[in-house]
Amino acid sequence: MIEAMKKPTPARAAKEAYDPAKIEKKWQKKWASSKVYRSTESKDAKDKFYVLDMFPYPSGEGLHVGHPKGYIATDVVSRMKRMQGMNVLHPMGFDAFGLPAENYAIKTKTNPADSVAKNVAHYKEQLELLGFDYDWSREVNTTDPKFYKWTQWIFLQMFKKGLAFESFEPVNWCPTDKTVLANEDVEDGRCERCGTLVEKKPMRQWVLKITDYADRLLKDLDATGGIPVVTAREGKGAAHENEPFIERDAAVCIIRHWSEDKYLCVNWKATNWQGFVIGGIEKGEDMGTAGVREIQEETGFKNVRFVREVGKVDTRFYQVIKQVNRHAHYVCGYFELKDGERTDISQEEKDLQDPMWLSPAEVQKFLNHEDMKYLWDLYTGAKKQEIKPLLEWPESIKEAQRNWIGRSEGAEIDFELALTKKKSRYVLIHGYKGSPADDFFPWLKTEFEKKGHEVQAPALPNPNDPKESEQVDFILKNCTLDKNTVIIAHSLGCVSALKALMKSNKQISGLVLVAPAIEPNFNKESKERPYHSNFSWNYDFEQIKKLTSGRIALLSDTKEIHRSEYIKYLGTKLSAGVIEVDAVEKHFTGAQEPSILECCTPKAAVFTTRPDTIFGVTYLVLAPEHFWVKEFLDLIDNRAEVEAYIDRAKSKTDIERTDGTKEKTGVELKGLCAINPANGEKVPVWIADYVLADYATGAVMAVPSHDERDAQFAKVYNLPIIDTKLEDKEEMVQKYGKKVVKYKLRDWVFSRQRYWGEPIPLIHCPECGVVAVPEKDLPVKLPKVKFYEPTGTGESPLAAIDSWVNVKCPQCKGKAKRETNTMPQWAGSSWYYLRFMDPDNKKAFVDPAKEKYWSPVDLYVGGAEHATRHLIYARFWHKFLYDIGAVSGIEPFKKLQSVGLIMAEDGRKMSKRFGNVVNPDDIVKQFGADTLRIYEMFMGPFDQAIAWSTQSMVGSRRFIERVWKLAERVGAGKSSAENDRILHKAIKKVTDDIQSLRFNTAISTLMIALNELEKSESLDRHTLETYLKLLAPFAPHVTEELWTDIGNKKSVHVSEWPIFDPALLVEATATIILQINGKTRGSFIAPSGAGKEELEKAAKSAPEAEKWLKDKVIQRVIAVPGKLVNIVTA
RNA sequence: GCCGGGAUGGCGGAAUUGGUAGACGCACACGACUCAAAAUCGUGCGGAGUAAUCCAUGGGAGUUCGAUUCUCCCUCCCGGCACCA
């Protein structure tokens, strides 16, 4: 064999030495000009395969060798899939809005638009050196107005659905980058970009309501995918009532005749929908009961029996009336009829459908919907229900998202707050024609007095013809208005009360307006009331807000629709909460109106996962920012101390506050107590910064005997710790609270006070409020500016550009101003994968047919660091787009693979800072792109972090050179069985390994095959071709060169991927391992098909057996055909 | 603290349902070629031992005829979450 190798008989003229510099550029140009890698929506029956990289953020530093690792992987997969005959979409683009580009621009004093263009060009050059098969005709760039027009469009859709709203809550502020940050942009209390400690600042911000999707984002991580073919619904559902698409989960009933092998099928006349009886599953029903009920109602058959569940189909359809995508399951059951006994069914039902009994063969023909066909196949056993996860994602990333969303189930329990010594004073003001003896007033007075409060309930003069000044003066004369007073006014009494308050100009504790009287000019059509002209109806809302510190509640009776508009109006003017309740009697005229008492009773809701420990509560802790702390500040005994603590907590950064190792601090709210609803016990109320304001209710019932943190706190402040027996959780929740689910996920703070981002397409109009920019005016282009440095004032630099800011209101055409905040870096990347499907569309962000064709992304490859940002944001946007019917699936990325980082040779991260960056351009120059590609894929398991080693690269280079030399040996001879065996072993392994992204073992297989082929006596053209095909995805240039050298005209990259033939692997004999007592002692050759007994016999006669079994008694022999024989001695 | 993933020669790693542990590659050593070197090709390469053989997949136990693989406990490393009630 060595002889043969030494004297090769080259059929092909010996080529000059392998020189990548010569061939790689050549092929890259050829591929580009011949457009081999262009993707179009295929007309033929090819399967599509959408493989995507997380598109790069082009920094000024360019690529280092770590960046292309993921791109090489997708390139390998896309090339194999293409050769396997699939219609491949493998695009590339650039994500370039946001802080890094802007900071780079500021540093280098170039306009971000210019530096981004330069960086993108550089990135592209570097990428092109590596021979990727990207379809560059589909390139997108998030900073291109043609692209961000649609980013803005999606934002507007969210705005219209109420998912984008203005918030004034404290947010994360980075003092270095001078912008707010989303929770996701904060790492360990520091700005993820610059490492500065983040401050909490209350600021006006645009926020996306991602929390509305928390539950679905969590649940769909574990959803099963069902059968994709069946789930892709063409139909539009629920166009009218007779439509058989059902919005809930529905029971599909396969019903067998009582004596014959026939099945009941129905034809819906209105829709020509042919299938089985189907009906929605009602709340509390299972599929069996729903089916039986539905069969009885629709067909009249009385004696139905549910036999077994058949299977499930995931159905999705577009709900025409509501214009949303819907998602439900058809759960199919098999039912039998005992007899033909039947009740009459309504004419209505008869008109809808024609029932008929069909034989199994007829059923199959009859069905005209794929879901029904599929369920029938499940019933007959022709198909098996295949349950795959909807998301084939690494467990670690799913887990990171679960942690981030942080669902916890628990209970909310109200604890009433009361002053221990001081009592409140309630001033009750009755309305028109009323008196303190009427309606709920006497009852309310008693209730307050029971609690020890003082009540003043004046009988106002001339209730039947009230005059403003008379009433106001009477109130001021007879009632005490001070910091301890709560005014409760009803109907017209609200007017008197407000006027009295304004005139007194005294600070009070709170104000409750029960069904307030409507201003006469609020609604011109409202009928004239006799008292209208007796009042002046001019309120100074700002003054009222000040005097009440905003502690105003407005009670609205849901039965009084005409009043609710006015109350809502008052609510906005007074920035007060409107509480809508069912009054006992209309307009709160019942003898008891508990909702009034309820809203006067201060209650703090606590969230707990341990309601079973409620009898162990020894104190209550509120977050320092808690609503009730502000409310009671005036009424407690140690105001100064408490205020000082609140100030201290405010000045702490989050990282200081949440440091669990520090001793806990807090202050008691002296003079205040909380009442445990379970035993009526009064416990002290504390504030402490270990309770977080923005998680759950910001209040905790402290059970030091069962909670470590509470115990620590109790120890510090000497609070009682009582051991208590545990109650039944469910029972406690039922009695004292309600079940709730809380999430750690916060809404997405979506605005940035920076220049380089998509402008938020909204306009602030003094008359109309916040108005969306009309879609026809999109995109709102980012203006070119000279100064784009952040201002630090909480406004973006855009605010200084008057010509841009000042616009006409699209609604009233009056003077208005643009929103000047911009979107965060993550906006464009939340949907870019959709734009690749249809990058030039001017009418829509993606054409629905193209979206349907390419979705979902079949393989998505990128860094694991995006687990809780990009990947959560994109899922959120996708689900939203699904809900409005803009995309067809509920998840964007089917299979996700994370790339392991490539570290520098010194084991640290590659960074300019450490001076350990390896540039791919240099590597390509020295070794060639094919070598770099093979090396990066061969380094180790793809998802594992690994250190770069330029020295180790020579192995990959040698490998290619040996292939190059092997090709010189190719002869015209026929293929040998030996070569076929070598190849087919490799075909199977390489195909499987690329499929499951185990590139390192795929390459090792190719190396093994090469070693074997080198030793093989003959090398025919077919063998070489097959080998080149297998290697082509990894080393596209050299394989293409060798491929054309042996006379092929078409590219190797569009040749057919070899198909594994197991018959070629069968060998006549197999090596069987001989073990004695489980230890390997030798081996012997046996015929491949040898049975257990044959093997046992052969093993016993093997020479090693003789040696090791001398003087031993054989106790047992285990023979595994094709593998081994183990002889066990006593 | 909770959750997820790991630990195999000098190094990167392989062993797809429990069946010859160390494939493939790097490094290293020796040999061939050469005046010489590089390149290339060949041979060797977990540890101990002349050898027979014994020991070895982070440590300890267990299940099994047989364990890198399964179960339990422990140590260490990486990643996510974290005063989340």
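Just so you know, these numbers come straight off a predicted model, no measurement behind them.

Turning next to the overall build of chain A. Helix and strand counts for chain A stand at 38 helices and 43 strands. Structurally, chain A occupies a C-alpha span of about 125 × 85 × 70 Å along its principal axes. Out of the 1130 residues belonging to chain A, those deemed buried represent 54%. Long-range contacts, defined as pairs at least 24 residues apart, comprise 76% of the intrachain contacts of chain A with a sequence gap of at least 6. Just so you have it, chain A exposes about 51,100 Å², and 51% of that area is on carbon and sulfur atoms. Mean positive and mean negative side-chain charge positions of chain A (162 and 161 charges, respectively) differ by 4 Å.

As a further point, take the sheet that holds strand β1 (residues 48–53). For sheets, the rule is that strands pair by backbone hydrogen bonds, running either parallel or antiparallel. Sheet architecture is open: four strands sit in the order β2-β1-β36-β37, paired in parallel fashion. Looking at strand neighbours, the two that pair on one side only are β2 (87–89) and β37 (893–899), the edges of this open sheet. Put simply, the sheet's adjacent strands are angled 20 degrees from each other on average, direction ignored. Sheet topology places β1 next to β2; three bridges connect them, and they run parallel. Looking at β2, one finds that Y50 is bridged to L89.

Another point: the pattern of salt bridges. Counted under the stated rule, the structure contains 68 salt bridges. D220 is the salt-bridge partner of K879, the closest N and O atoms lying 2.4 Å from each other. Of the two residues, K879 is situated in helix α29 (residues 870–883) and D220 in the loop between α7 (214–219) and α8 (228–231); the sequence distance between them amounts to 659 residues. D220 shares its class with K879; the two are buried. Residue E631 is joined to R551 by a salt bridge in which the shortest nitrogen-to-oxygen separation is 3.0 Å. With E631 in helix α20 (residues 627–632) and R551 in the loop between α17 (541–548) and β23 (552–557), this pair connects stretches of sequence that are 80 residues apart.

Trans peptide bonds make up most of the peptide bonds, and negative phi angles are found at most residues other than glycine. Across the junction of L778 and P779, the peptide omega takes the value 0 degrees, indicating a cis bond. Despite not being glycine, K35 shows a phi value in the positive range, around 50 degrees. Mapped onto the elements, K35 comes out in the loop between α2 (20–34) and β1. For K35, a relative accessible area of 48% corresponds to the partly exposed category.

A large share of helix α36 (residues 1036–1045) lies buried, amounting to eight of its 10 residues. For α36, the set of buried residues is P1036, H1037, V1038, T1039, E1040, E1041, L1042 and W1043. Directly beyond the C-terminal end of α36, a positive phi value near 100 degrees is found at G1047.

Structurally, the position occupied by E936 is in helix α31 (residues 929–938). Look at E936: it is buried, it has no salt bridge, and the nearest opposite charge is K69 at 7.1 Å. Residues in contact with E936, not counting those within four places in the same chain, are V65, P68, K69, I72, I902 and W948.

So, about the pairing of strand β43 (residues 1124–1129). Note that strand β40 (residues 1069–1076) and β43 share four bridges and pair parallel. Across the sheet, the residue bridging to I1073 is L1124, located in β43. In terms of strand pairing, strand β42 (residues 1114–1120) meets β43 through six bridges, oriented antiparallel. Following the sheet pairing, V1120 is matched in β43 by L1124.

Moving on, we get to the nonpolar core. A general trend in soluble globular proteins is that nonpolar side chains are found buried together. Formed by 176 residues in total, the largest nonpolar core has its most connected members in F155, F845, W948 and F1034. In this structure, F1034 is in contact with V76, D930, R933, I934, M937, I994, F999, A1002, I1003 and L1006, ignoring residues within four places of it in sequence. Formed by 44 residues, the second largest nonpolar core is a distinct cluster that contains Y645, A688, L719 and V733.

Relative to the assigned elements, T931 resides in helix α31. For T931, a relative accessible area of 0% gives the class buried. Not counting chain neighbours up to four residues away, the residues in contact with T931 comprise M953, S956, R957 and I960.

The sheet built from four strands is open, its strands ordered β33-β32-β35-β34 with antiparallel pairing. Unpaired on one side and paired on the other, β33 (769–772) and β34 (806–808) mark the two borders of the sheet. This sheet shows a mean twist of 40 degrees between the axes of neighbouring strands, independent of strand direction. By the bridge criterion, two bridges tie strand β32 (residues 762–765) to strand β35 (residues 815–818) in an arrangement that is antiparallel. Within β35, the position partnered with I763 by the bridge is R818.

Among the six residues of β23, six are classified as buried, and the element is accordingly described as predominantly covered. As paired strands, strand β22 (residues 510–514) and β23 are joined by four bridges and run parallel to one another. The residue bridging V512 from the neighbouring strand is A553, located in β23. The handedness of the β23 to strand β24 (residues 577–581) crossover, carried by helix α18 (residues 561–573), is right-handed.

For the rest of this paragraph, the subject is the protein's contact with RNA strand B. Lining the immediate surroundings of RNA strand B are 57 residues, of which K664, R709, Q944, K989 and N1126 lie closest. Within 4 Å of the protein, the atoms of RNA strand B are drawn from sugar and phosphate moieties in a proportion of 63%. At 2.3 Å, a side-chain N or O of N1126 approaches a base oxygen of RNA strand B. Counting residues per element, the surface near RNA strand B draws most heavily on helix α34 (residues 999–1015), which supplies six residues. Taken together, the residues of the surface near RNA strand B break down into 21 nonpolar, 19 polar and 17 charged.

On to the packing of aromatic side chains. One pass over the structure, following the stated rule, counts 59 aromatic pairs. A ring pair is formed by F97 and Y148, whose centres lie 5.6 Å apart and whose planes are at 50 degrees; its orientation type is tilted. Remark: Y148 occurs in helix α6 (residues 145–160) and F97 occurs in the loop between β2 and α4 (99–108); sequence separation between them is 51 residues. As far as burial versus exposure is concerned, F97 and Y148 are alike and both buried. Lying across the ring of W31, R79 places its NZ or CZ 5.3 Å from the centre.

Reading the values: the criteria
- Residues numbered from 1 in each chain as written.
- Chains lettered and ligands numbered in written order.
- Predicted model: local features only at pLDDT ≥ 70, side-chain atom pairs only at ≥ 80, totals over all residues.
- Heavy atoms only, no water.
- Helix = DSSP H or I, 4+ residues; strand = E, 2+ residues; numbered from the N terminus.
- Buried < 20%, exposed > 50% of the residue type's maximum accessible area, 1.4 Å probe, protein only.
- Contact = heavy atoms within 4.5 Å.
- Areas by Shrake-Rupley, 256 points an atom, 1.4 Å probe, with all protein chains shown as cover.
- Lys, Arg positive; Asp, Glu negative; His and termini not counted.
- Charge placed at Lys NZ, Arg CZ, Asp CG, Glu CD.
- Pairing = 2+ DSSP bridges.
- Axes fitted to C-alpha atoms, helices over the stretch in contact; angles between N-to-C directions.
- Salt bridge = Lys/Arg side-chain N within 4 Å of Asp/Glu carboxyl O.
- Core = buried A, V, L, I, M, F, W, Y, C linked by side-chain atoms within 4.5 Å.
- Right-handed = clockwise from strand over helix to strand, strands pointing away.
- Near = heavy atom within 4 Å.
- Polar contact = N/O pair within 3.5 Å; in protein donor to acceptor, adjacent residues only side chain to side chain.
- Nonpolar A, V, L, I, M, F, W, Y, C, P; charged D, E, K, R; others polar.
- Phe/Tyr/Trp six-rings, centres within 6.5 Å; stacked < 30°, edge-to-face > 60°.
- Lys NZ or Arg CZ within 6 Å of the ring centre and 35° of its normal.

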